[in-house]
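# Examining the three-dimensional arrangement
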Protein chains: 2
Amino acid sequence: MNRTAGIVVIGNEILSGKVTDTNSPFLARELRKIGVDVRRVDVIPDELDDIAGTVRDFRERFDLVFTSGGVGPTHDDVTIEGIARAFGRRVVREPGLEQKLRDFYKHKVNEARLKMSEVPEGAELIYGGSLAFPTIQVENVYILPGIPEILEAKFLSIRERFAADPFHLRIVYTREGEGAIAQFLNDTLRSFPALLLGSYPKIGNPEYVVKLTLESKDLDYVDRALAHLLRILPEGCVVKTESF
Amino acid sequence: MNRTAGIVVIGNEILSGKVTDTNSPFLARELRKIGVDVRRVDVIPDELDDIAGTVRDFRERFDLVFTSGGVGPTHDDVTIEGIARAFGRRVVREPGLEQKLRDFYKHKVNEARLKMSEVPEGAELIYGGSLAFPTIQVENVYILPGIPEILEAKFLSIRERFAADPFHLRIVYTREGEGAIAQFLNDTLRSFPALLLGSYPKIGNPEYVVKLTLESKDLDYVDRALAHLLRILPEGCVVKTESF
C-alpha cells in the first residue's frame, strides 16, 4: 500500500528564526520508516487564513496530514479554529476533554486552560500510550502540538495506524563528483525509470564525494537497479554501499 | 521599509527524512536580522510542476523569494527549469557562465557540468564576495544551491541588498505557565494590537517556564508594550528580560 502525507508547521517563531523546527524532520524520518511518502512540508504563520487555506489544500491532496503547533491556551494558538474552518465546521468544547482539564488543573482551571478542550465539531480523540491527553483527529488531519517532546510522544503512540509498504533503500558512496557520474545515473534511470534516485554531494568529507540513494517499494527492482549502476560506474569509483 | 519573503526548499532528501534542512533556518534567522519578514517556507519535491507552481505563487505574494536546492548537474536538478516555467521563460545557456565552467573544469568539462550554465532567459547574475560562481536572480527570485556551505556564503555575499527596517525584540522569561498568564497577554494585545507577541513554553528548563517575545519595527511601541505587560504580570512572575 502507498500512502502520501503533508506536514503543516504552524508558528511565527519558526518563520522569524527564533526556533528551529525539529518537528517536521522528526515526522519526515518517522513516516519514511513506515513507508509513508511525505510530499510537502509548509511552515506558515499563526494566522487563521493561512491555516485554513493550507489545511484545506493538503487534506485534499494527501492521504494523511499532520499539523504541528498552535494548540495551547494563548492568543496565538489558533490552529483548532483554522482547521475547523478548513472543514467548514464549528469549534466546540469537547466534554470529556473539558473534564480532563478540570481534573488536571483543579482550582487553577481558567478560561485560557479550558480553551484546550476546544475541537472542530465531530473530531475524534485518539488516546494512546501513557499520555494524559489525546491526539485530535479530523478525518485525515492529525493535530499535534508544537512542543517537540509532546509531539514526538504523541506521534509514536499512534504511529502504527499509518504504516504503509516499506521503502527499500540502497546507498552508494562515490569518490567521483556529480559531474563525472551524472551520465551513469541517467543511464540507470533510462533502464529503471521508476527508481527513486537521489544524488547528494558532501563538501569536505574525507570518505566520499557523493552519496547516491536508490529507493523503491519493490525490493527486486531496487536491487536490479543497484546492480546495473554498480556495473556501469567507473572502476574504483565506489567507496562503499549500504542496504536498509 | 517593510519587506516580506518566502523560502522554497527543493529536495526529496528533506521530505524523505534523509537530510535535515538547515538552509531555511539559516535564511530565516539572517533575514530576520535585517528586518525582513519571512512569511512562509515550503519544502517541495524535485518536480517541475511543484517548483513552477510554488515559485509562481510565492513571487506574487512576497517581495523576495529564495529557493534552495536542485541546481547541480544531475537528473534531479530541475530547479532552473521549474523557475523558468514559473515565469513563462525559456531555459538558455548563459555564455559568461558557460565560459567560467569551461575554464574551471578544463578537459573534464562535459554536458552534465555545462548544465550548470543554464538559466531562465533574461536572468541576472550577481557576483559577490570571493565566490567563483554568481547567484542567479530572476526578478524577485534568488536561486541558491542546496549545499549549506555554499548557500550560506552566497547569501551572506548579497545580504545587504535585502535590508529593511529592523525589528526590535524584547524577551520576557516567566516562572508561570501559559495558562496562568494568557489573560495578561490578551490584555496587552488589547492595548497594543499591532504588537507581535509570541509565547513559547519550554519543558524541563530549570530557569523559566515560558519565553515571551515582544516585537515591533516601532521602538517606542514595543517598549511601551513591554512596560505595560511587566506592570500587569503578577509579582515574582518574571525571571528576567532581554532586549535586542
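In case you missed it, the structure is sitting above this.
Residues numbered from 1 in each chain as written. Chains lettered and ligands numbered in written order. Predicted model: local features only at pLDDT ≥ 70, side-chain atom pairs only at ≥ 80, totals over all residues. Heavy atoms only, no water.

### Re the overall build of chain A
The helix and strand inventory of chain A stands at 9 helices and 12 strands. Residue burial in chain A is summarised as follows: out of 244 residues, 52% are buried. Restricting the contact set of chain A to residue pairs at least 6 apart, pairs at least 24 apart contribute 71%. Summed over all atoms, the accessible surface of chain A reaches about 10,700 Å², with 49% contributed by carbon and sulfur. Distance between charge centres in chain A, computed from 32 positive and 37 negative side chains, equals 2 Å. (Helix = DSSP H or I, 4+ residues; strand = E, 2+ residues; numbered from the N terminus. Buried < 20%, exposed > 50% of the residue type's maximum accessible area, 1.4 Å probe, protein only. Contact = heavy atoms within 4.5 Å. Areas by Shrake-Rupley, 256 points an atom, 1.4 Å probe, with all protein chains shown as cover. Lys, Arg positive; Asp, Glu negative; His and termini not counted. Charge placed at Lys NZ, Arg CZ, Asp CG, Glu CD.)

### Description of the sheet that holds strand β12 (residues 238-243) of chain B
All names here are of chain B. What the 4 strands build is an open sheet, ordered β10-β11-β9-β12; its pairing is antiparallel. Of all the strands in the sheet, just β10 (196-201) and β12 have a single pairing partner and so form its edges. Between one strand and the next, the sheet's axes are offset by a mean angle of 15°, whatever the strand orientation. Where helix α8 (residues 178-191) meets the sheet, its contacts fall on β9 (168-174), β10 and β11 (210-216), and the angle it forms with β10 comes to roughly 175°. (Pairing = 2+ DSSP bridges. Axes fitted to C-alpha atoms, helices over the stretch in contact; angles between N-to-C directions.)

### Describing the packing of aromatic side chains
Across all of its chains, the model carries 22 aromatic pairs over all chains by this definition. Note on F26 of chain A and F155 of chain A: the rings are 6.1 Å apart at their centroids and 85° apart in plane angle, and the pair reads as edge-to-face. Here F26 of chain A, found in helix α2 (residues 23-33), pairs with F155 of chain A, found in helix α7 (residues 148-158); they are 129 residues apart in sequence, far enough to count as distant. Assessed through its relative accessible area of 6%, F26 of chain A is described here as buried. Ring plane angle 80° and centroid distance 5.1 Å describe the contact between F58 of chain B and F62 of chain B, whose orientation is recorded as edge-to-face. Judged on exposure class, the residue F58 of chain B and its partner F62 of chain B are both buried. (Phe/Tyr/Trp six-rings, centres within 6.5 Å; stacked < 30°, edge-to-face > 60°.)

### Considerations on the interface of chain A and chain B
With 52 residues of chain A at the interface, the matching set in chain B holds 51 residues. Regarding the contact of chain A and chain B, the summed buried area is about 4,100 Å², with carbon and sulfur atoms giving 54% of it. Along the contact surface separating chain A from chain B lie 10 salt bridges. A salt bridge links D50 of chain A to R61 of chain B; the shortest N-O distance between them is 3.8 Å. Where chain A meets chain B, there are 16 residue pairs in polar contact (both at pLDDT 80 or more). Here the side of chain A that touches chain B is built from residues that sort into 22 nonpolar, 14 polar and 16 charged. Examined bridge by bridge, strand β2 (residues 36-44) of chain A and strand β2 (residues 36-44) of chain B share 3 bridges and lie antiparallel to one another. Paired with V41 of chain A across the strands is V43 of chain B, a residue of β2 of chain B. (Buried area = accessible area lost by both parts, 1.4 Å probe. Salt bridge = Lys/Arg side-chain N within 4 Å of Asp/Glu carboxyl O. Polar contact = N/O pair within 3.5 Å; in protein donor to acceptor, adjacent residues only side chain to side chain. Nonpolar A, V, L, I, M, F, W, Y, C, P; charged D, E, K, R; others polar.)

### What to know about the sheet that holds strand β11 (residues 210-216) of chain A
Residue and element names in this part refer to chain A. Within the open sheet, the 4 strands sit side by side as β10-β11-β9-β12. Their pairing is antiparallel. Each of the sheet's edge strands pairs with one partner strand only, and the pair in question is β10 (196-201) and β12 (238-243). Ignoring which end each strand starts from, the neighbouring axes of this sheet average 15° apart. Note that β10 and β11 share 6 bridges and pair antiparallel. In the sheet register, P201 faces β11, and the bridge partner there is V210. Where helix α8 (residues 178-191) meets the sheet, it contacts β9 (168-174), β10 and β11, and its direction lies at approximately 175° from that of β10.

### Things to note about the relation of the copies chain A and chain B
Copy one and copy two of the chain differ by a rotation about an axis and a translation along that axis. Least-squares fitting of chain A to chain B yields an RMSD of 0.0 Å, with the transformation described by 0.0 Å of translation along the axis and a rotation of 180°. Between the two chains, the operation in question is that of a two-fold axis. Ranked by how close their C-alpha atoms come to the rotation axis, the residues of chain A are headed by D42 of chain A, at 2.2 Å. Same-surface contact between copies: 98% of interface residues of chain A are shared with the interface of chain B. (Least-squares fit on C-alpha atoms with pLDDT ≥ 70 in both.)

### Focus on the pairing of strand β1 (residues 3-10) of chain A
Consecutive side chains along a regular strand alternate between the two faces of the sheet. All names here are of chain A. Taken across its 8 residues, β1 has 6 buried, putting it largely inside the fold. Sheet topology note: the β1/β2 ladder contains 8 bridges and is parallel. Its bridge partner lying in β2, I10 is registered against I44.

### A closer look at helix α3 (residues 48-61) of chain A
The end-to-end C-alpha distance of α3 of chain A, which contains 14 residues, comes to 20 Å, matching closely the 20 Å that a straight helix rising 1.5 Å per residue would cover. Considered for burial, the residues of α3 of chain A that qualify are D50, I51, A52, T54, V55 and F58 of chain A. (Expected span 1.5 Å × (residues − 1).)

### Details of the pattern of salt bridges
Pairs can form between side chains of opposite charge whenever their charged atoms are close. Residues and elements named next belong to chain B. The tally for this structure, following the rule as stated, stands at 46 salt bridges over all chains. One salt bridge connects D37 with R32, and the closest N-O pair in it is separated by 3.7 Å. Two residues, R59 and E139, come together in a salt bridge whose shortest N-O distance is 3.6 Å. Here E139 lies in the loop between β7 (135-138) and β8 (141-144) and R59 lies in helix α3 (residues 48-61), a separation of 80 residues in the sequence. Owing to a relative accessible area of 22%, R59 belongs among the partly exposed residues under this scheme.

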